[in-house]
Amino acid sequence: MESKELLVKLHLSAGLSPQAVGRVYTWILEQKRVPCNAELDSLLGLSGTKRELFWRAFTGPKMELWAAQNYACSQVITLFDEDYPKLLRETYAPPNVLFCRGDLALLNDHLLLAVVGARQNSVYAQEVLQVLLPEVVSSGIVTLSGLARGVDSLAHKQTISNGGRTVAVIGSGLDIFYPPQNRLLQQGAVP
(Lines give C-alpha, C1' and ligand atoms only; values in the text may rest on other atoms or scores of the structure.)
Protein backbone atom coordinates (compact mmCIF):
# COMPACT_ATOMS: atom_id res chain seq x y z
CA MET A 1 0.00 0.00 0.00
CA GLU A 2 1.28 3.46 -0.87
CA SER A 3 1.62 6.30 1.65
CA LYS A 4 -1.34 8.31 0.35
CA GLU A 5 -3.67 5.30 0.24
CA LEU A 6 -2.67 4.37 3.80
CA LEU A 7 -3.33 7.89 5.09
CA VAL A 8 -6.75 8.01 3.42
CA LYS A 9 -7.80 4.61 4.78
CA LEU A 10 -6.58 5.55 8.26
CA HIS A 11 -8.51 8.82 8.03
CA LEU A 12 -11.67 6.87 7.14
CA SER A 13 -11.16 4.35 9.95
CA ALA A 14 -13.48 4.61 12.94
CA GLY A 15 -11.92 5.29 16.31
CA LEU A 16 -8.63 6.82 15.16
CA SER A 17 -7.87 10.38 16.15
CA PRO A 18 -6.39 12.88 13.67
CA GLN A 19 -3.34 12.99 15.97
CA ALA A 20 -2.80 9.23 15.61
CA VAL A 21 -3.05 9.49 11.82
CA GLY A 22 -0.68 12.47 11.98
CA ARG A 23 1.88 10.33 13.81
CA VAL A 24 1.80 7.87 10.92
CA TYR A 25 2.26 10.73 8.44
CA THR A 26 5.28 12.06 10.36
CA TRP A 27 6.75 8.55 10.70
CA ILE A 28 6.48 7.98 6.94
CA LEU A 29 8.20 11.31 6.24
CA GLU A 30 11.04 10.46 8.60
CA GLN A 31 11.46 6.78 7.65
CA LYS A 32 10.70 7.27 3.93
CA ARG A 33 8.60 4.11 3.84
CA VAL A 34 5.20 2.78 4.86
CA PRO A 35 5.17 1.11 8.30
CA CYS A 36 4.63 -2.64 8.61
CA ASN A 37 1.58 -3.82 10.55
CA ALA A 38 3.42 -4.08 13.89
CA GLU A 39 4.85 -0.57 13.46
CA LEU A 40 1.39 0.72 12.54
CA ASP A 41 -0.09 -0.89 15.66
CA SER A 42 2.52 0.89 17.76
CA LEU A 43 2.04 4.27 16.05
CA LEU A 44 -1.73 4.06 16.45
CA GLY A 45 -1.53 2.74 20.01
CA LEU A 46 -3.49 -0.41 19.16
CA SER A 47 -3.49 -3.57 21.24
CA GLY A 48 -5.81 -6.38 22.25
CA THR A 49 -9.43 -6.24 21.15
CA LYS A 50 -9.09 -2.73 19.74
CA ARG A 51 -6.28 -3.95 17.46
CA GLU A 52 -8.35 -6.92 16.24
CA LEU A 53 -11.39 -4.76 15.51
CA PHE A 54 -9.26 -2.19 13.69
CA TRP A 55 -7.56 -4.72 11.40
CA ARG A 56 -10.83 -6.52 10.64
CA ALA A 57 -12.44 -3.24 9.53
CA PHE A 58 -9.30 -1.80 7.92
CA THR A 59 -8.74 -4.80 5.64
CA GLY A 60 -12.41 -5.57 5.04
CA PRO A 61 -14.52 -5.02 1.93
CA LYS A 62 -16.49 -2.12 3.49
CA MET A 63 -13.28 -0.08 3.85
CA GLU A 64 -12.33 -0.79 0.25
CA LEU A 65 -15.79 0.28 -0.91
CA TRP A 66 -15.78 3.41 1.25
CA ALA A 67 -12.33 4.45 0.03
CA ALA A 68 -13.34 3.80 -3.59
CA GLN A 69 -16.52 5.88 -3.16
CA ASN A 70 -14.53 8.78 -1.74
CA TYR A 71 -12.06 8.66 -4.62
CA ALA A 72 -14.92 8.47 -7.14
CA CYS A 73 -16.90 11.38 -5.64
CA SER A 74 -14.08 13.78 -4.82
CA GLN A 75 -10.52 14.79 -5.32
CA VAL A 76 -8.51 13.41 -2.42
CA ILE A 77 -5.61 15.49 -1.15
CA THR A 78 -3.33 14.43 1.68
CA LEU A 79 -0.46 16.14 3.43
CA PHE A 80 1.78 14.13 1.07
CA ASP A 81 0.45 16.00 -1.98
CA GLU A 82 2.02 19.12 -3.44
CA ASP A 83 -1.39 20.65 -4.14
CA TYR A 84 -2.38 20.54 -0.46
CA PRO A 85 -3.37 24.16 0.33
CA LYS A 86 -0.23 26.04 1.38
CA LEU A 87 -1.87 28.25 3.99
CA LEU A 88 -3.75 25.33 5.54
CA ARG A 89 -0.53 23.31 5.75
CA GLU A 90 0.97 26.11 7.88
CA THR A 91 -1.77 25.94 10.51
CA TYR A 92 -1.48 24.14 13.80
CA ALA A 93 -2.53 20.50 13.25
CA PRO A 94 -3.70 20.72 9.61
CA PRO A 95 -6.13 18.03 8.48
CA ASN A 96 -4.35 14.91 7.22
CA VAL A 97 -6.80 14.39 4.36
CA LEU A 98 -9.09 16.70 2.38
CA PHE A 99 -11.92 15.63 0.09
CA CYS A 100 -12.53 18.30 -2.53
CA ARG A 101 -14.52 19.16 -5.63
CA GLY A 102 -13.95 21.94 -8.09
CA ASP A 103 -11.00 24.12 -8.96
CA LEU A 104 -8.29 23.37 -6.41
CA ALA A 105 -6.11 26.16 -7.79
CA LEU A 106 -8.43 28.56 -5.96
CA LEU A 107 -6.91 27.33 -2.69
CA ASN A 108 -3.30 28.07 -3.61
CA ASP A 109 -3.11 30.53 -6.47
CA HIS A 110 -5.49 33.28 -5.41
CA LEU A 111 -6.03 35.76 -2.62
CA LEU A 112 -8.74 34.55 -0.27
CA LEU A 113 -11.18 36.39 1.97
CA ALA A 114 -12.61 34.23 4.75
CA VAL A 115 -16.14 35.16 5.75
CA VAL A 116 -17.60 33.67 8.92
CA GLY A 117 -20.66 34.83 10.79
CA ALA A 118 -23.80 34.07 12.72
CA ARG A 119 -26.27 31.36 11.72
CA GLN A 120 -29.02 33.95 12.10
CA ASN A 121 -27.62 36.78 10.01
CA SER A 122 -28.72 40.31 10.77
CA VAL A 123 -29.82 43.00 8.34
CA TYR A 124 -26.48 44.68 9.10
CA ALA A 125 -24.57 41.55 7.95
CA GLN A 126 -26.58 41.52 4.71
CA GLU A 127 -25.82 45.19 4.08
CA VAL A 128 -22.11 44.80 4.81
CA LEU A 129 -21.79 41.85 2.43
CA GLN A 130 -23.75 43.70 -0.28
CA VAL A 131 -21.27 46.58 -0.05
CA LEU A 132 -18.07 44.58 0.55
CA LEU A 133 -18.34 41.62 -1.81
CA PRO A 134 -18.76 43.38 -5.18
CA GLU A 135 -15.39 45.10 -4.62
CA VAL A 136 -13.82 41.86 -3.41
CA VAL A 137 -15.09 40.03 -6.51
CA SER A 138 -13.92 42.76 -8.90
CA SER A 139 -10.45 42.53 -7.32
CA GLY A 140 -10.30 38.82 -8.15
CA ILE A 141 -10.32 37.76 -4.52
CA VAL A 142 -11.92 34.37 -3.81
CA THR A 143 -14.45 34.14 -0.97
CA LEU A 144 -13.95 31.28 1.48
CA SER A 145 -16.58 30.33 4.03
CA GLY A 146 -18.44 27.45 5.57
CA LEU A 147 -21.73 26.37 4.13
CA ALA A 148 -23.89 26.77 7.21
CA ARG A 149 -27.06 28.83 7.10
CA GLY A 150 -26.80 32.51 7.82
CA VAL A 151 -23.76 34.63 6.97
CA ASP A 152 -21.79 31.71 5.45
CA SER A 153 -24.50 30.92 2.88
CA LEU A 154 -25.13 34.58 2.24
CA ALA A 155 -21.43 35.18 1.47
CA HIS A 156 -21.45 32.43 -1.16
CA LYS A 157 -24.71 33.62 -2.72
CA GLN A 158 -23.55 37.24 -2.86
CA THR A 159 -20.18 36.28 -4.33
CA ILE A 160 -21.69 34.04 -7.01
CA SER A 161 -24.38 36.57 -7.93
CA ASN A 162 -21.59 39.14 -8.40
CA GLY A 163 -19.72 36.79 -10.75
CA GLY A 164 -17.11 35.76 -8.20
CA ARG A 165 -15.64 32.45 -7.14
CA THR A 166 -16.05 30.78 -3.78
CA VAL A 167 -14.62 27.94 -1.75
CA ALA A 168 -16.94 26.21 0.71
CA VAL A 169 -15.51 24.35 3.67
CA ILE A 170 -17.94 21.56 4.49
CA GLY A 171 -17.61 19.76 7.79
CA SER A 172 -20.21 17.08 7.11
CA GLY A 173 -18.71 15.56 3.96
CA LEU A 174 -19.42 16.08 0.27
CA ASP A 175 -22.15 13.45 0.23
CA ILE A 176 -24.22 15.21 2.88
CA PHE A 177 -26.12 18.43 2.24
CA TYR A 178 -26.30 20.34 5.50
CA PRO A 179 -28.35 22.29 5.98
CA PRO A 180 -30.60 20.61 3.37
CA GLN A 181 -31.71 23.94 1.93
CA ASN A 182 -28.10 24.54 0.79
CA ARG A 183 -28.07 21.53 -1.54
CA LEU A 184 -28.14 23.70 -4.70
CA LEU A 185 -25.57 26.08 -3.30
CA GLN A 186 -23.23 23.18 -2.46
CA GLN A 187 -23.64 21.98 -6.04
CA GLY A 188 -22.59 25.39 -7.35
CA ALA A 189 -25.94 27.01 -8.12
CA VAL A 190 -27.41 30.11 -6.55
CA PRO A 191 -30.88 29.20 -5.26
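So, how was this worked out
- Along each chain, residues carry numbers from 1 onward, in the same order as the chain's sequence is written.
- Whole-chain, interface and lining totals are the exception, using all residues; otherwise, since this is a predicted model, local features are given only for residues with pLDDT of at least 70 and side-chain atom pairs are given and counted only at 80 or more.
- The basis for every side-chain value is the complete set of heavy atoms in the structure, and neither hydrogens nor water enter the calculation.
- Strands are runs of DSSP state E lasting at least 2 residues, helices are runs of H or I lasting at least 4, and numbering of each runs from the N terminus.
- Buried, partly exposed and exposed residues are distinguished by accessible area as a fraction of the type maximum, computed with a 1.4 Å probe on protein chains only: under 20%, between the cut-offs, and over 50%, respectively.
- As used here, the arc is the angular range of directions from the helix axis to the C-beta atoms.
- The contact rule is simple, with two residues in contact once any of their heavy atoms fall within 4.5 Å.
- Here the nonpolar core consists of buried residues drawn from Ala, Val, Leu, Ile, Met, Phe, Trp, Tyr and Cys, with membership extended through side-chain atoms lying within 4.5 Å.
- Classification of ring pairs uses Phe, Tyr and Trp, with its six-membered ring standing for Trp, and accepts pairs whose centres are within 6.5 Å; under 30 degrees between planes counts as stacked, over 60 as edge-to-face, and the remaining range as tilted.
- Our definition puts a charge over a ring when NZ of Lys or CZ of Arg is within 6 Å of the ring centre and also within 35 degrees of the ring normal.
- Each salt bridge in this description consists of a side-chain nitrogen of Lys or Arg and a carboxyl oxygen of Asp or Glu lying within 4 Å of one another.
- Angles run from 0 to 180 degrees between N-to-C directions of axes, and those axes are lines fitted to C-alpha atoms, restricted for helices to the stretch in contact.
- Roughly parallel means an angle under 35 degrees; roughly antiparallel means over 145; roughly perpendicular covers 65 to 115; every other angle is labelled oblique.
- Ten residue types, Ala, Val, Leu, Ile, Met, Phe, Trp, Tyr, Cys and Pro, are classed as nonpolar, four, Asp, Glu, Lys and Arg, as charged, and the remainder, Gly among them, as polar.

**Some details on the environment of Phe54**
- Tracing the chain through its elements places Phe54 in helix 4 (residues 48-58).
- Residues Phe54 and Val142, 88 residues apart in the sequence, show an inter-C-alpha distance of 41 Å.

**Considerations on helix 4**
- Turning to helix 4, its buried residues number three or more, namely Phe54, Trp55 and Phe58. All buried residues of helix 4 project into a common sector of 90° when viewed along the axis, lining one side. In helix 4, the exposed positions that point more than 90 degrees away from the buried face belong to Thr49 and Arg56.
- The elements touched by buried residues of helix 4 are helix 1 (3-12), helix 3 (37-44) and helix 5 (61-73).

**A look at the nonpolar core**
- Within the largest apolar cluster, 33 residues are counted, with the highest numbers of intra-cluster contacts made by Leu6, Leu10, Val24, Leu40, Leu44 and Phe54.
- Mapped by element, the contributors of at least two residues to this core are helix 1, helix 2 (18-31), helix 3, helix 4, helix 5, strand 1 (75-78), strand 2 (97-100) and helix 7 (105-108).
- At six residues, helix 2 tops the list of elements feeding residues into this core.
- For Leu10, the contacting residues outside a window of four places in its chain are Leu16, Val21, Val24, Leu40, Leu44, Phe54 and Phe58.

**Focus on the packing of aromatic side chains**
- Using the criterion set out here, one finds four aromatic pairs in the structure.
- An angle of 90° between the planes, with centres 5.6 Å apart, marks the rings of Trp55 and Phe58 as edge-to-face. Here Phe58 and Trp55 lie together in helix 4, a separation of three residues that amounts to about one turn. No difference in accessibility class separates Trp55 from Phe58, as the two residues are buried.
- One Lys or Arg, Lys9, reaches over the ring of Phe58 and ends 4.7 Å from the middle of that ring.

**Considering the pattern of salt bridges**
- Taken as a whole and judged by the stated rule, the model has five salt bridges.
- One salt bridge in this structure joins Lys4 and Asp81, with 3.1 Å as the shortest N-O distance. In this pair, Lys4 is assigned in helix 1 and Asp81 in the loop between strand 1 and helix 6 (86-89), connecting sequence segments 77 residues apart.
- Here Lys4 falls in the partly exposed class, since its relative accessible area comes to 24%.
- A salt bridge links Arg119 to Asp152; the nearest nitrogen and oxygen atoms lie 3.9 Å apart. Separated by 33 residues along the polypeptide, Arg119 in the loop between strand 3 (112-114) and helix 8 (123-138) and Asp152 in helix 9 (residues 151-161) bring together distant segments of the chain.

**Considerations on helix 1**
- Every buried residue of helix 1 is listed here: Leu6, Leu7, Val8, Lys9, Leu10 and Leu12.
- Of the surrounding secondary structure, the elements contacted by the buried residues of helix 1 are helix 2, helix 3, helix 4, helix 5, strand 1 and strand 2.

**Overview of the packing of helix 1 against helix 2**
- Packing of helix 1 against helix 2 leaves a shortest axis separation of 10 Å and a crossing angle of 170°. Taken together, the axis directions place helix 1 and helix 2 in an arrangement best described as roughly antiparallel. Here Ser3, Leu6, Leu7, Leu10 and His11 of helix 1 lie close against helix 2, whose contacting residues are Val21, Val24, Tyr25 and Ile28.
- When its residues are assigned to classes, the contact of helix 1 with helix 2 shows seven nonpolar, two polar and no charged.

Purely spatial values, then, with no claim about function.
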